[in-house]
Structure formats: structure tokens, C-alpha cells
Amino acid sequence: MWESLKEFASTFFVTGDPLIYGSDVAIVLTLAAIVFVLTKYKKWGWLWREWLTTVDHKKIGIMYLISALLMLFRGGVDALLMRAQLAFPNLEFLDSNHYNEIFTTHGTIMILFMAMPLLFALFNWVVPLQIGARDVAFPFLNAVSFWLFFFGALLFNISFVIGGSPDAGWLSYPPLSEEPFSMGPGQNFWIWGIQISGIGSLMTGINFIVTILKMRAPGMTLMKMPMFTWSVLSSCIMIIIAFPVLTVTIALLYLDRFLGAHFFTLDGGGNPMMYINLIWMWGHPEVYIVVVPAFGIYSDVVATFSRKKLFGYASMVAAVMSIAIVSYFTWGHHFFTMGTGAGVIAFFAVATMLIAIPTGVKVFNWMFTMFRGRISFKLPMLWTIAFIPCFVIGGATGVMLSMAPADYQYHNSYFLIGHFHQTLIGGVVFGYLAGMYYWWPKLFGFKLNEKLGQWAFWFWNIGFYVCFMPQYALGFMGMTRRYYTYGWDYGWETLNLVSTIGAFLMGIGFLFQVWQILYSIKNMEKEKDTTGDPWDGRTLEWSIPSPAPFYNFAVIPKVKDVDDWWRIKQEKANGTYKEEPVVLEPIHMPKNSGIPFVMAVFWFIAGFGFVWEWSWMAIIGMIGVFACMWARSFVYNDEYYVSVDEVRRIEASYGRVY
Amino acid sequence: MANHGNQNAHHAAGHGSLKSYVLGFVLSIVLTIIPLVLVMNPVLSKTATVVVIMMMAVLQFVVQLFFFMHLREGEKPRWNVQALVLGIVIVLTIVIGSILIMTSF
Amino acid sequence: MQQAAKHLEHGHAHDHGHGHHDLEQLKVLGFWIFLVTDCIMFGTLFATYAVMMHSYAGGPTPKELIEMPGIIASTFILLTSSFTSGLAVLAMNKGKLKALIGWLVITALLGLSFVLLEISEFTHLVHEGATIATSGYWSAFYTLVGTHGLHVSIGFFWMLALIIQLPRQGITPVTNRKVTTLSLYWHFLDVVWIFLFTVVYLMGVM
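First things first, this report covers the structure right here in the doc. (Residues numbered from 1 in each chain as written. Chains lettered and ligands numbered in written order. Predicted model: local features only at pLDDT ≥ 70, side-chain atom pairs only at ≥ 80, totals over all residues. Heavy atoms only, no water.)

### Thoughts on the overall build of chain C
And step 1. Along the backbone of chain C there are seven helices and zero strands.
And step 2. Secondary structure elements in chain C, listed N-terminal to C-terminal, are α-α-α-α-α-α-α.
And step 3. Within chain C, the fraction of its 206 residues that count as buried is 63%.
And step 4. Of all intrachain contacts in chain C linking residues separated by at least 6 positions in sequence, the fraction that spans at least 24 positions is 82%.
And step 5. Carbon and sulfur atoms make up 66% of the accessible area of chain C, which amounts to about 7400 Å² in all. (Helix = DSSP H or I, 4+ residues; strand = E, 2+ residues; numbered from the N terminus. Buried < 20%, exposed > 50% of the residue type's maximum accessible area, 1.4 Å probe, protein only. Contact = heavy atoms within 4.5 Å. Areas by Shrake-Rupley, 256 points an atom, 1.4 Å probe, with all protein chains shown as cover.)

### Observations concerning the side chain of Q471(A)
All names here are of chain A.
And step 1. Tracing the chain through its elements places Q471 in helix α15 (residues 450-476).
And step 2. Separated by 3.1 Å, the side chains of Q471 and S499 make a polar contact.
And step 3. Dropping the residues within four chain positions of it, Q471 is found in contact with R83, Y414, F415, I417, G418 and S499. (Polar contact = N/O pair within 3.5 Å; in protein donor to acceptor, adjacent residues only side chain to side chain.)

### Remarks on the pattern of salt bridges
Residue and element names in this part refer to chain A.
And step 1. Per the counting criterion, the structure on display carries 14 salt bridges over all chains.
And step 2. A salt bridge links K58 to D56; the nearest nitrogen and oxygen atoms lie 3.2 Å apart. Here the two residues K58 and D56 agree in accessibility, since each one is buried.
And step 3. For E179, the salt bridge goes to R257, with nearest N and O atoms at 3.5 Å. On the criterion of sequence distance, the pair formed by E179 in the loop between α6 (139-157) and α7 (186-214) and R257 in helix α8 (residues 227-259) is long-range, its members being 78 residues apart. (Salt bridge = Lys/Arg side-chain N within 4 Å of Asp/Glu carboxyl O.)

### What about a nonpolar patch on the surface?
And step 1. A surface patch of nonpolar side chains, amounting to about 440 Å² of accessible area, comprises W630(A), F634(A), F157(C), L160(C) and I164(C).
And step 2. Tallying contributions element by element places helix α6 (residues 136-169) of chain C first for the nonpolar patch, with three residues.
And step 3. With respect to the element layout, I164(C) can be found in helix α6. (Patch = residues over 30% accessible without salt bridge, like charges linked within 9 Å, V, L, I, M, F, W, Y side chains within 5 Å.)

### Regarding helix α12 (residues 379-402) of chain A
And step 1. End to end, α12(A) covers 34 Å across 24 residues, agreeing with the expected 34 Å (1.5 Å per residue, within 8%).
And step 2. The largest bend along α12(A) measures about 30° and falls at F387(A), with the proline P389(A) one to four residues further on. (Expected span 1.5 Å × (residues − 1). Bend = angle between axes of the 7 residues up to and from the residue.)

### So, the interface of chain A and chain C
Size of an interface, as often reported, equals the accessible area lost when the parts are brought together.
And step 1. Between chain A and chain C, the contact holds 41 residues from the first and 46 residues from the second.
And step 2. Across the chain A/chain C interface, buried area totals approximately 3700 Å², and carbon plus sulfur atoms make up 75% of it.
And step 3. Counting across the interface, chain A meets chain C through zero salt bridges.
And step 4. Where the side of chain A that touches chain C is concerned, the elements lending two or more residues are α7, α8, α9 (272-305), α19 (615-633) and β2 (639-642) of chain A.
And step 5. Among the elements that make up the side of chain A that touches chain C, the one with the highest residue count is α8(A) (eight residues).
And step 6. A per-class count over the side of chain A that touches chain C returns 28 nonpolar, eight polar and five charged. (Buried area = accessible area lost by both parts, 1.4 Å probe. Nonpolar A, V, L, I, M, F, W, Y, C, P; charged D, E, K, R; others polar.)

### Examining the interface of chain C and chain B
And step 1. Listed per partner, the contact involves 50 residues of chain C and 50 residues of chain B.
And step 2. Summed over both partners, the interface of chain C with chain B buries about 4300 Å², with 80% contributed by carbon and sulfur atoms.
And step 3. When the buried area of chain C at its contact with chain B is split by residue, W32(C), F83(C) and M206(C) rank highest and sum to 16% of it.
And step 4. Counting across the chain C and chain B interface gives one residue pair in polar contact (both at pLDDT 80 or more).
And step 5. Where the side of chain C that touches chain B is concerned, the elements lending two or more residues are α1 (2-10), α2 (18-51), α4 (68-93) and α7 (173-205) of chain C.
And step 6. Here the element with the most residues in the side of chain C that touches chain B is α2(C); it accounts for 18 residues.
And step 7. Partitioning the side of chain C that touches chain B into residue classes produces 31 nonpolar, 17 polar and two charged.

### Observations regarding the nonpolar core
And step 1. Counting residues in each nonpolar core, the largest one holds 292 residues, and the members touching the most others are W366(A), F608(A), F141(C) and Y201(C).
And step 2. When near neighbours in sequence (up to four residues on either side) are disregarded, F141(C) contacts Y49(C), I66(C), E121(C), F122(C), L125(C), G146(C), V200(C) and Y201(C).
And step 3. In this structure, L94(A), I417(A), L474(A) and W492(A) belong to the second largest nonpolar core, which totals twelve residues. (Core = buried A, V, L, I, M, F, W, Y, C linked by side-chain atoms within 4.5 Å.)

### A closer look at the environment of V35(A)
Residue and element names in this part refer to chain A.
And step 1. Tracing the backbone through its elements, the reader meets V35 in helix α2 (residues 18-40).
And step 2. With a relative accessible area of 42%, V35 lands in the partly exposed category.
And step 3. Along the sequence, V35 and V657 sit 622 residues apart, while their C-alpha atoms lie 42 Å from each other.

### A short note on the packing of α19(A) against α6(C)
And step 1. Running from N to C, α19(A) and α6(C) cross one another at 30°; their axes reach a closest spacing of 10 Å. What the angle tells us is that α19(A) and α6(C) run roughly parallel. Relative to α6(C), the crossing made by α19(A) is right-handed. For the pair α19(A) and α6(C), the contacting residues are F626(A), W630(A) and S633(A) in the first and I154(C), F157(C), L160(C), A161(C), I164(C) and Q165(C) in the second. (Axes fitted to C-alpha atoms, helices over the stretch in contact; angles between N-to-C directions. Parallel < 35°, antiparallel > 145°, perpendicular 65-115°, else oblique. Left-handed = near helix turned anticlockwise from the far one by under 90°.)

### Observations regarding the state of the cysteines
Residues and elements named next belong to chain A.
And step 1. One pass over the structure, following the stated rule, counts zero disulfides over all chains.
And step 2. Looking at the unpaired C467, the closest cysteine sulfur is the one in C390, lying at 11 Å.
And step 3. Taking relative accessible area as the criterion, C467 reaches 2% and is therefore assigned buried. (Disulfide = S-S within 2.5 Å.)

### What to know about the packing of aromatic side chains
Aromatic ring pairs are described here by two measures, namely the spacing of the ring centres and the angle between the planes.
And step 1. Using the criterion set out here, one finds 102 aromatic pairs over all chains in the structure.
And step 2. Measuring from centroid to centroid gives 6.2 Å for W138(C) and Y142(C), while their planes differ by 45°, and the two rings are tilted. Of this pair, W138(C) and Y142(C) are both found in helix α6, four residues apart, which corresponds to roughly one turn of the helix. Of the two residues, W138(C) and Y142(C), both sit in the buried class.
And step 3. Positioned above the aromatic ring of W46(A), the side-chain terminus of K43(A) is 5.0 Å from the ring centre.
And step 4. Directly above the ring of W535(A) sits K447(A), whose terminal nitrogen or CZ lies 4.6 Å from the centroid. (Phe/Tyr/Trp six-rings, centres within 6.5 Å; stacked < 30°, edge-to-face > 60°. Lys NZ or Arg CZ within 6 Å of the ring centre and 35° of its normal.)

### Topic: helix α5 (residues 97-127) of chain C
And step 1. The first and last C-alpha atoms of α5(C) sit 45 Å apart over 31 residues, in line with the 45 Å expected at 1.5 Å per residue.
And step 2. Looking one or two residues past α5(C), G129(C) carries a phi angle of roughly 95°, positive in sign.

These figures capture arrangement, not role.
Here is the structure:
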């Protein structure tokens, strides 16, 4: 018995690597510390009531943000490990297996468990406030989405200490990801972590489309919405048309592995190329899903910090919506070299070049907005200005890649790596950081420290160019992606070392941000936002106090114009503002619920069972999931009213008298 | 786009009548029997048969959309119709795109 | 503007009366959008089936193994159940609770028959040597047809939950919405079956 237990443990736990053992210890200690603190300060009830069962979009947004930042840390560490291994030729810091695992987890985490939750954090924080709503259309579903993401991410993340990491790249191409070539649970962790959190993403897409279409304040027509909200609508449309394809594709891969099906196998009538076709049908819209909301942030920030209306609002709307549709027709450019016919390749090359046009329109509009504006170089604006040249270069290299014949040289080289990191970091990460800085005071009631933020900004930016510009050159010099080492005879060593230095500079930038957050929390009284409008903003979210009261708006506003808050302030300043008689009414709010959390736990159990191919556990988990749905169906009492007196009291505590 | 309820209709979607459901049911039966007969007793060429049965399927889809799912009713703006149109475009892209790509090697 | 002023005069909670109607409208729209995503999911499975339509890998073909009588029965059973779910909605709109529940029970029984027929069909195919692992064709077959069957099964349990809730709750804006979304789901599944029947079964035995 002891023997079989030891044998089980040796496959269940990842063994043989001191770094892993160190991580095991760190994980156990951290969990113990959390349990200890919660118990000592008797906070379990608080945790359950305030956070685990919340359906408040603002709190859900905060939980998404914390998760995303933790994942940024892990993904970043993966990056630094890779760059350390590549700093010099023939290093043996990471062997090839370990290196494969790390680039796989790096990519998967950054896109699916860092960028997605970061954008959902901002969707949740901002959209209801920008449209004058009190919550999203489906608050319960919103909580389900978060907890599915959380437990899906958790499932993926434990793989490096339990069972073993996936190592077939962030998209797990077959036949490498099929059973004979990737034995063991690692690949299944990839499938199920993504599958579970993917369902959450799909639900978020549906939620925000209905919210934006149906819950805008009276008078806010579609063409009076803030650009960030438009960009969220565009992104959510892409989510709902792309994620079902991902769900099916990775399920089919799992059927191949678990039941011996022949979808993507080399034998039995399978076709691995169909996987690549399908996965990129999701994969291409996915990168637009993550970048489009960043574009929306830039629009709002640029207008606010140039103190000027956004240039070309209608063309911005047309651009962001056409990106949503055209993005669905470019997926073939990810496999120009796979051997499809010339007609297919030509179509995708042209479609890809076309999609650069609306993006270009947006860049010009941002610049025209800044022209003759009164620019204030606060952190959100710094990141926005930095994004423009960075993303334009990244986008231009994208157009280079879209030239299919040329792509035969660039494909899967470091040129490609330079391109997608430039667009993802320069576009997505810079954008979400700008958004985080911009909307932080609305959520937390204080600004983040400017000085520390500037240090972070410069380290990130300089580090970025130092890290990635050499990679374009390395691509031209023939360096292929996913190499774990290289020899002295290639002449790649100088540029690789420079690139590694750049990566570490970015890491220092991240450390400054951590310091900035901790310092600002400690000193929150100094940077307190007492007016609710710390940036002299233009849109509705700045008309309510900071941090926003749980019901958001005491009175639903009546909107007249785009940038309506700015209109109100202007009219108040020049005496033309017509004061409306305001009557407080009881506010209808959704009740908290424990079902989303419990259901997600059952999904985790099911996922864990599927990963290890322990059918009994998978079945128990799925029964639990359906039991939760059944229980929810019988809930008829899931809302309550906030009395006028309470609203008046809360508003008075912010100095607003009704 | 106000978030007021703007009418006092007390049902959530279109309603239809017994006539429309019966008509839809009968049409669907007919549109099922014709392809069945054509396949079980082939009178047309294979290609022609495939085209005809696909057309019947699309027709039955449209019948059920209007007679069972009341697509034409429902309050404006009809977001559900727009969503459906988008969905159909996407499904066609996925199916036709995959077939074109995977047979182009 | 006028509408807003009227609201203030009456002073009633904005969300009372209209509120539940609005809320239920939101849920119906949300459900339509979910159906569109489900459509796309099935579309992907259809695309996979189309690409693997002839990937028999030297093994059994659908022409050899598919038995049409059971499929024809299933088709008419499901179509009828779609019709009866419509009759349930009609009864609900006329306020007839008992008739509503009765038609839902009939629909559920028809749905259950469909699933049982499908299970027996799959059992027969497996006995004849066509499993999900036999070839790419059969992998695609079982996944596409089976996913539809799973959807019907989930719909059956959903219907059961409503049949249990309705006697207690009666016909309210909330239960109205629940029946409405369920019937949309059920009609959608019959629409998917139309294409399954045509592409998989009719074209499979041609």
C-alpha cells in the first residue's frame, strides 16, 4: 500500500526540480497564512457575504483585476525565465522540456488568464457607470462568469506542481497535443482550464451586449454613448461569435485524447490541419477582442486629457464595429505556410490588409483630438501617448506579415514574436494600464501615486523597445521561435542579451507598479478623490461620488449629448444649466447568491476529474453543476429594494444633499 | 434607447395563434416528407437531390422561424433578428470557409 | 422629456409594474443571443462533420449501418413536440394554467422518447462496430448527433423543473418568461435537427 501511494504521488505531483519544490512550499505557506489571517480576524463570514457571493459589478471587477495582476506576475516570471535561458548561447538553466512548458504557460496565461480578466475588470468597473445603469443586465450571470474564470484559471495554474504543465504551445497544435505525443494530464489541464473559463467569457459577452443595448439611461442613444462603451459592444460581439468555436475545438481535442476519437489524429481519418483552421477562427478574433477595448480606453482618455471632444466620433464608431466583423474573416493568415490553395491565401492576405484601415482611421482620430488640445500628461495620458508609436510599428509589421509570399520567410521567426508582442503589449497592456490608472479613483476613492507611476512607465517603455526591437532583427537573421538555446556560431548572442536586459527592465517597471499600489493604499488619504471627478472628466461615471455607492446612481440621469457630464459642467459654469426637480425613488437591486461560487467549485471538481481521466470525479462534478442550475431555477426571490431614506443617507455622507 | 417599458403588453415575446402553429406544423411535415421520398426513392441525380433537400431544409427552417418562433413579432428595435442574421452569416462562414480551406490543399 | 416629467409626478418607483416586464424582456433577449452562440457551436460541429464526411478510414460507412425507420420516427416525434410546445405557449397566453402544464408534460414525454430512440440507435451502431474511435467519420457523427441529444436531454430536465414550479407559481411575468425561453430553446433544437436529419442521415444513406 505504501508503495502504490508513493507511485501515485510520483505521478500526481511534479517531482525532481528544486524550483518546483520551492513553489510547493511557497503555495502551502501562502494558503496557510490566508487561512490563519481569516480565522484570527474572524473574517470568513465577511469574505462569504462581501466577496464570494457578491453580484455587484464593481466588486466583481475588483476580483477580476486582482486575478489579472497575479497572472501578470506569473506570466512575467515565465518570460524572465525564458529570456534568462536565452541570454547567452548554450545555457543549461532550463532544459528543452522545461522551456517548452514555460513558453506554453506564458502564452496561455498572458492571453487567457491575464488579458481577458483585465478587460473584464474594466468592462465591469466602467460600463454600467458610463451608461447610467445600476448594474449589468444579468448580475447573477456576471458572478457565474467570474467564478468560472477563477476556477478555470486555478485549474490551469496548479498544473505546474500537480500533474505537470502542458508543453505543446499556447494553442496546443495536434498531433503534438494528441495522446501518443503528449501523455499525461498536462495537456488536459490546458484544455479544461480554458474550457471552463471560456464558458465564463461567453456569458460575459452576452451579458454586456444586453446591458449596452437595453440599459442605457434615458436620452442616451447609441450615438451618444462613450467610445469605451462602443468598444466593449464591439468586443462582446466578437466574443459571442468566436468563443463557441473555441469551446467545440478543444472539446474535440479532448475527445481524441480521452475516447480515442479521430478528429485531429494522424490516423483513422483524422486531420490535424482542421484543428489549426478551427482554432484560429477563434484565435484571430480573440486578439481583436483584447485590443478593441484598449482602443476604447484611448478614445476616452485622449479626449479627457486633451480637454477636447473626440475627433470624428461617427468614424470611430464605424471603425470599431467594422473591425468586429472583418476580424472574423482574416484567420487564414495564421497558416499561410500550411499548404492551402493560392486562392485561399490571397483572400486572407487581402482581408488582413483591409483590417489595418479602420485601425489607421482610429490612430489619426486620436492624433487629431490631441491637436490644439490642452494636454495634461497624467499617467493615463502618458500610457496613451506611448501606445501610439508602439502600436503603429506593431501594426505595420502586421501588414508586412500579411504579405503572404513574404510571410514564408517571417512565419514563426522572431519577427513574428516581435510583431505580436508589440501589438499585445503596446496595444493591450498599455491600454489596460491607462484604464486602470484612469478609473482607479472611481472604484477606490483615491488616485495612484503619479511619481512612482512615472518610474514604472519609463522602465516599461524603455524596457519594451530594448527587449523587442532586437527580436525583429533576430527574425531576419533566421532565429526561429521556441528555440530553447542556440550556438555561438549563429551570431545571435548580442541581440539576445540586449533583449534579455530589456525584459528585466520591464520586470523592474512592474515592481514599481506593485510598490505604487501598496504605497498608494498606505497613503490613500493624501490622494483622496473628494469630488468624484478627479480628472475633470467628460462622461457620466464622473458625475457620481468616489468610490461609487453600491447602487451607482441615486437618480438615473437624463442624457442630452455625447460627453454629457462635460455638457452639464459647461452649462453650470456659464449659467445656462436647467436644474431638474429630482425625486428619489426606492432602488431595485439584485440579491447576493452563493450559487455561482458553488457551481464553479463543482466545475473545478469536474474539470479535475476530466484532466486525470477519473470518470467518477468528472461525473460527480457535472452532477453538482446541474444541481446548482436546478436550484437556481427554483429561486424566485432574488431582488430587494433600497429605501429612499438609505439612499439619502449614503449620498449625504458624500456631501450630496437630496 | 430608453430603459422604460414602453407598452402595457404583458407577455415577453410574440404570441401567434393556433392557426399559425398548425400551419407551421403541417408545412414542416410536408417539407420533411418530400426530401425523405426523394432520397428513399431516388428520381433525381445525386447532386440535384442534395440541392433540393438542402433547399427544403432551409425552407423548413424559415417556416419554423416565423410560425413557431414568431420572428416577425416582438418589440422594436429587433435586436434578436439582427443577432440571428449575424449568427447565420457566421455559421455560413465557418462551414463554407472550412470546406473551401480543407479541400484546397 | 414629457415622459420623464410624468414619471416624477406619479412618483412611483420607476421599476414597479414596468420593472418585471422590463427585466423579463432583458432575459428573453439574452436568451436569443445565447441561442445564436449555440447556433455557432453547432455550426462548428457541422463544419467538422462536413470536412470528415468521407473519412471512413476503410471502416464502416453510414450507408451500411444507418437504419432509417427509427430516424424517421424520431424526426416526427421531435417535430410534434415542437408543435406541442407551441400549444403550451398558446395556452399560457390565454391564461390556462392546466392546459399549459398538460402540453408541457406531453412535450417532455415526446422529448424523452426522442432521446431513448437515439440511445438505442447509438447502441445498435456500437454493436455493429461503429464507435466514436472507429474513424474520423464516426467521431464527427457521434459528436454532432450526440451534442444535439444532450441538448434535448437538458431541455427535458429544464421542462421538468418548470412543470414542478408552475402549479405553485401560476402564470406570472416570471414564469411566462421561463416558458417562453424554454419554448424558444425547444424550437431551436428542432431547427438544428432539420439540418442534422438532412445532412447526416439523408445525405448519409444516399
